[in-house]
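Structure assessment
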Protein chains: 2
Amino acid sequence: MTDDIKTGLTAPQTIEAFSSRLADLSQGLPKRLRQCADHVAANLDRIAVSTVADLAAGADVPPSAVMRFCQIMGFAGFSDMQRLFRDAYAPALPDYATRLANLRGGARGGAGRLLAEFVEAGRLSLEGLTTAVDEKALERAVSVLSGAGVVHVMGLRRAYPVASYLAYVFEKMSVPAMLHEGAGRLDHRHAIRPGDAVLAISFAPYSEETLALVADARARNLPVVALTDHKASPLARMADPVLTVQEVDFGAFRSLSATLTMAIALAVAVGTARGTQG
Amino acid sequence: MTDDIKTGLTAPQTIEAFSSRLADLSQGLPKRLRQCADHVAANLDRIAVSTVADLAAGADVPPSAVMRFCQIMGFAGFSDMQRLFRDAYAPALPDYATRLANLRGGARGGAGRLLAEFVEAGRLSLEGLTTAVDEKALERAVSVLSGAGVVHVMGLRRAYPVASYLAYVFEKMSVPAMLHEGAGRLDHRHAIRPGDAVLAISFAPYSEETLALVADARARNLPVVALTDHKASPLARMADPVLTVQEVDFGAFRSLSATLTMAIALAVAVGTARGTQG
DNA sequence: TAGCAGATGGAATAAATATTCCAAATCCAA
DNA sequence: TTGGATTTGGAATATTTATTCCATCTGCTA
């Protein structure tokens, strides 16, 4: 082999760069490497979850051919190449825990740095919101809530700011709503009448009080809309339209950016739906 | 172990089945296994590209706990469980800009569109936060609050979710704090003692109750940290470290993304400052 | 508080997986 | 064809990753 530039010294840093290098190379490649290139090009999205052996079998070449392929693409080896695809798919979660540990240990860096981290977590959460949103569920939630008599909002602990914000927006938009906060251990569930609906917000670990209110509403056949962290949460199992929101957590702490954004969108949608039809 | 039914004999064959078994189990699980369950539930989409060690680190448990978790879920081991997710692996989604565009375009006027707009507003607000932040003021706020006896948090209306969130985080971090909410027209200002500090949150139009509390504290020479919308607000004029946050508004509504992000950063900074020095 | 069942962490081991290396095969130019 | 350069396959090795096992710890019941 001549000292060709094609043994690129620099590995592609993005999927685009990868694809474009792939296109450049695939012409002048010997048979086996060409097979690799073709197979990889046709299965870009499976690289993240494949092994060398999988790829080799798919391309009908021995594993060592796949290794050579990775190297002429500029990577140190298959693992190195795979990392590109894994990272692209799962944006940096793992080092958040360590970052917080650093902040705690070092103490310097201060509040400004901490703020920057939370801003980043918030941005990621918002991005995630656009990918993960279940539009069907969202539309259904809007229609359930805008058809209800009174909307009963409940959320405690970390979900309480969300609940109180929803109550605020509903009030501003003249949507009849009631915030159940469990203050003074008072139980207002008798205030829930036929025709009403419940909007429950809860994240792990789920507050018993919220679950109890939902169970109660469910027993009376009232519709329950849930805003929670995942589809398998105890809350989700009792609710019908289930809206899930994933917050990127930063150490032990989660911002509420995505959750509140979902909340305001829901509330405003309900408000306008009621306004235009009533 | 007894021949419990909970060691499900059949492994889930689909992601749905997996989620639902997860929900069934997660109630009566010991601590470490519960941590695994929660972390897995919140990161379902990363299982396909994770290793046991990754998951263990994320859930903050030793690898062996993850193995036990896989087994009680009915799988032979981690690899067996991972296969389910690898087979169902859906390739990385198009990038953020595209998704947002889709969401915006889809279902004219629908809730999805609203959500897209609020997401965008939130992101812009967060961007603004990093550029506009007054680090000096932030550092000062941290030092004032971490030196205080009790932190008295007050914010009403739109600022109330922020105040309640701050109270929540302070509690989690063992920072003595009190949330003044004006419920029942009760006035708790006598609870503010020398050595304490006030953290007031208010946006236009500024709540009288908040301003009154601040004026009172000021008259008694107690430090007041303000979180508000601009430096010339009535609140800002009475407070010393003033933190300002601009939210990008969409229509008549503002999200709270930037404000809450600032709030959590502040609270965590105060919590860690107290932790390390006390 | 003693005794027990279950839970836990970590070290030891097993298995899977990536990676290297080199002898053999192939190709190409004279 | 022959020599030299390139490509190829697979066996050997290194590395990472999963899995098991057991001593210790914890929380509970009696």
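Residues numbered from 1 in each chain as written. Chains lettered and ligands numbered in written order. Predicted model: local features only at pLDDT ≥ 70, side-chain atom pairs only at ≥ 80, totals over all residues. Heavy atoms only, no water.

**Comments concerning the packing of helix α2 (residues 31-42) of chain A against helix α3 (residues 52-59) of chain A**
Residues and elements named next belong to chain A.
- Put simply, α2 and α3 touch, their axes get as near as 9 Å, and they point 105 degrees apart. Relative to α3, α2 is oriented roughly perpendicular. Seen from α2, the contacting residues are Gln35, Cys36, His39 and Val40; seen from α3, they are Leu55, Gly58 and Ala59.
- Looking at the contact of α2 with α3 residue by residue, the class counts come to four nonpolar, three polar and no charged. (Axes fitted to C-alpha atoms, helices over the stretch in contact; angles between N-to-C directions. Helix = DSSP H or I, 4+ residues; strand = E, 2+ residues; numbered from the N terminus. Parallel < 35°, antiparallel > 145°, perpendicular 65-115°, else oblique. Contact = heavy atoms within 4.5 Å. Nonpolar A, V, L, I, M, F, W, Y, C, P; charged D, E, K, R; others polar.)

**So, the confidence of the model for chain A**
Residue and element names in this part refer to chain A.
- Overall, the prediction assigns chain A a mean pLDDT of 82, with 85% of residues at 70 or greater.
- Predicted confidence is poor over residues 1-8, with pLDDT under 50, and the contacts of this stretch with residues over four places away or in other chains come to eight contacts.
- Here residues 91-108 is modelled with pLDDT under 50, and outside its nearest four sequence neighbours on either side it reaches 33 contacts, counting other chains as well. (pLDDT = per-residue confidence, 0-100.)

**Considerations on the sheet that holds strand β4 (residues 224-228) of chain B**
Residues and elements named next belong to chain B.
- Within the open sheet, the five strands sit side by side as β2-β1-β3-β4-β5. Their pairing is parallel. Two strands close off the open sheet at either side, each with one partner strand: β2 (177-180) and β5 (242-244). Direction aside, neighbouring strands of the sheet carry axes that sit 15 degrees apart on average.
- Of the pairings in the sheet, the one linking strand β1 (residues 151-154) to strand β3 (residues 197-202) comprises four bridges and is parallel in character. Its bridge partner being in β3, valine 151 is matched across the sheet by alanine 197.
- Strands β1, β3, β4 and β5 of the sheet are contacted by helix α8 (residues 135-146), whose axis makes an angle of about 130 degrees with β5. (Pairing = 2+ DSSP bridges.)

**Considering unusual backbone geometry**
- With omega at -10 degrees, the peptide bond leading from alanine 204 of chain B into proline 205 of chain B counts as cis.
- Position of proline 205 of chain B among the secondary structure elements: in the loop between β3 and α10 (208-219).
- Its identity as a non-glycine residue notwithstanding, aspartate 60 of chain A has a phi of 60 degrees, on the positive side.
- Here aspartate 60 of chain A lies in the loop between α3 and α4 (63-72).
- Not every positive phi belongs to a glycine, and arginine 157 of chain A is a case in point at roughly 55 degrees.
- Residue position: arginine 157 of chain A is located in the loop between β1 (151-154) and α9 (160-172).

**Considerations on the interface of chain B and chain A**
- Across the contact, 66 residues belong to chain B and 57 residues belong to chain A.
- Each partner contributes to the roughly 5,700 Å² buried at the junction of chain B and chain A, and carbon and sulfur atoms together form 70% of this total.
- Counting the contacts that link chain B with chain A gives two salt bridges.
- At the junction of chain B and chain A, the tally comes to five residue pairs in polar contact (both at pLDDT 80 or more).
- It is helix α7 (residues 111-132) of chain B that contributes the most residues to the side of chain B that touches chain A, twelve residues altogether.
- Residues of the side of chain B that touches chain A, tallied by class, amount to 37 nonpolar, 14 polar and 15 charged. (Buried area = accessible area lost by both parts, 1.4 Å probe. Salt bridge = Lys/Arg side-chain N within 4 Å of Asp/Glu carboxyl O. Polar contact = N/O pair within 3.5 Å; in protein donor to acceptor, adjacent residues only side chain to side chain.)

**Describing the packing of helix α8 (residues 135-146) of chain A against α7 of chain B**
- The N-to-C vectors of α8 of chain A and α7 of chain B enclose an angle of 105 degrees; their axes lie 9 Å apart at closest approach. By the angle between their axes, α8 of chain A is roughly perpendicular relative to α7 of chain B. Contacts from Glu135, Leu138, Glu139 and Val142 of chain A in α8 of chain A reach Ala111, Gly112 and Leu115 of chain B in α7 of chain B.
- Each residue belonging to the contact of α8 of chain A with α7 of chain B can be placed in one class, and the counts come to four nonpolar, one polar and two charged.

**Let's talk about the protein's contact with DNA strand C**
- Close to DNA strand C lie 15 residues; Val52, Gln71 and Phe78 of chain A together with Arg32 and Pro62 of chain B are nearest.
- Interatomic distance of 2.4 Å between a backbone N/O atom of phenylalanine 78 of chain A and a phosphate oxygen of DNA strand C.
- Arginine 68 of chain B has a polar side-chain atom sitting 3.4 Å from a base oxygen of DNA strand C.
- When contributions to the surface near DNA strand C are tallied by element, the ones reaching two or more residues are α3, α4 and α5 (78-89) of chain A together with α2 (31-42) and α4 (63-72) of chain B.
- Sorting elements by how many residues they give to the surface near DNA strand C places α4 of chain A first, with three residues.
- Among the residues making up the surface near DNA strand C, the classes are represented as six nonpolar, six polar and three charged. (Near = heavy atom within 4 Å.)

**Some thoughts on the pattern of salt bridges**
- Applying the stated criterion across every chain yields a total of twelve salt bridges over all chains.
- Two residues, arginine 123 of chain A and glutamate 127 of chain B, come together in a salt bridge whose shortest N-O distance is 3.2 Å. Remark: glutamate 127 of chain B occurs in helix α7 and arginine 123 of chain A occurs in helix α7 (residues 110-132); the pair is interchain, linking two chains.
- A single salt-bridge network, built from bridges that share partners, covers Glu120 and Arg123 of chain A together with Glu127 of chain B.

**A short note on empty space enclosed by the protein**
- Under the counting rule described, the total for this entry stands at three cavities of 30 Å³ or more.
- Put simply, the largest cavity is a space of about 50 Å³.
- Secondary structure elements with two or more residues in the lining of the largest cavity: α1 (15-26) and α2 of chain B.
- Of the residues in the lining of the largest cavity, the class split is seven nonpolar, three polar and one charged.
- Of the pockets and cavities examined, the second largest cavity occupies roughly 40 Å³.
- Of all the elements, α7 of chain A adds the most residues to the lining of the second largest cavity, at four residues. (1 Å grid on protein atoms, 1.4 Å probe; cavity = no way out; pocket = protein on both sides within 12 Å on 5 of 7 lines; lining within 4 Å. Points joined across faces, edges and corners; volume = space filled by probe spheres on them.)

**What about the environment of proline 63 of chain A?**
Residue and element names in this part refer to chain A.
- In this structure, proline 63 sits in helix α4.
- Put simply, proline 63 and threonine 51 are twelve residues apart on the chain and 9.7 Å apart in space, counted from C-alpha to C-alpha.
- In this structure proline 63 touches Val52 and Ala56, once residues within four positions along its chain are discounted.

**Focus on the environment of glutamine 82 of chain B**
Residue and element names in this part refer to chain B.
- Take glutamine 82: it is sitting in helix α5 (residues 78-87).
- Its relative accessible area of 8% is what places glutamine 82 among the buried residues.
- Taking the C-alpha atoms as reference, glutamine 82 lies 9.4 Å from cysteine 70; in sequence the two are twelve residues apart.
- Setting aside its immediate chain neighbours within four residues, glutamine 82 contacts Ile47, Ala48, Val49 and Ser50.
- A polar atom in the side chain of glutamine 82 sits 3.4 Å from the backbone oxygen of alanine 48. (Buried < 20%, exposed > 50% of the residue type's maximum accessible area, 1.4 Å probe, protein only.)

**A few points about the environment of aspartate 249 of chain B**
Residues and elements named next belong to chain B.
- Turning to its location among the elements, aspartate 249 is positioned in strand β6 (residues 249-250).
- Assessed through its relative accessible area of 38%, aspartate 249 is described here as partly exposed.
- The spacing of aspartate 249 and alanine 121 is 128 residues in sequence and 6.5 Å in space, taken between C-alpha atoms.

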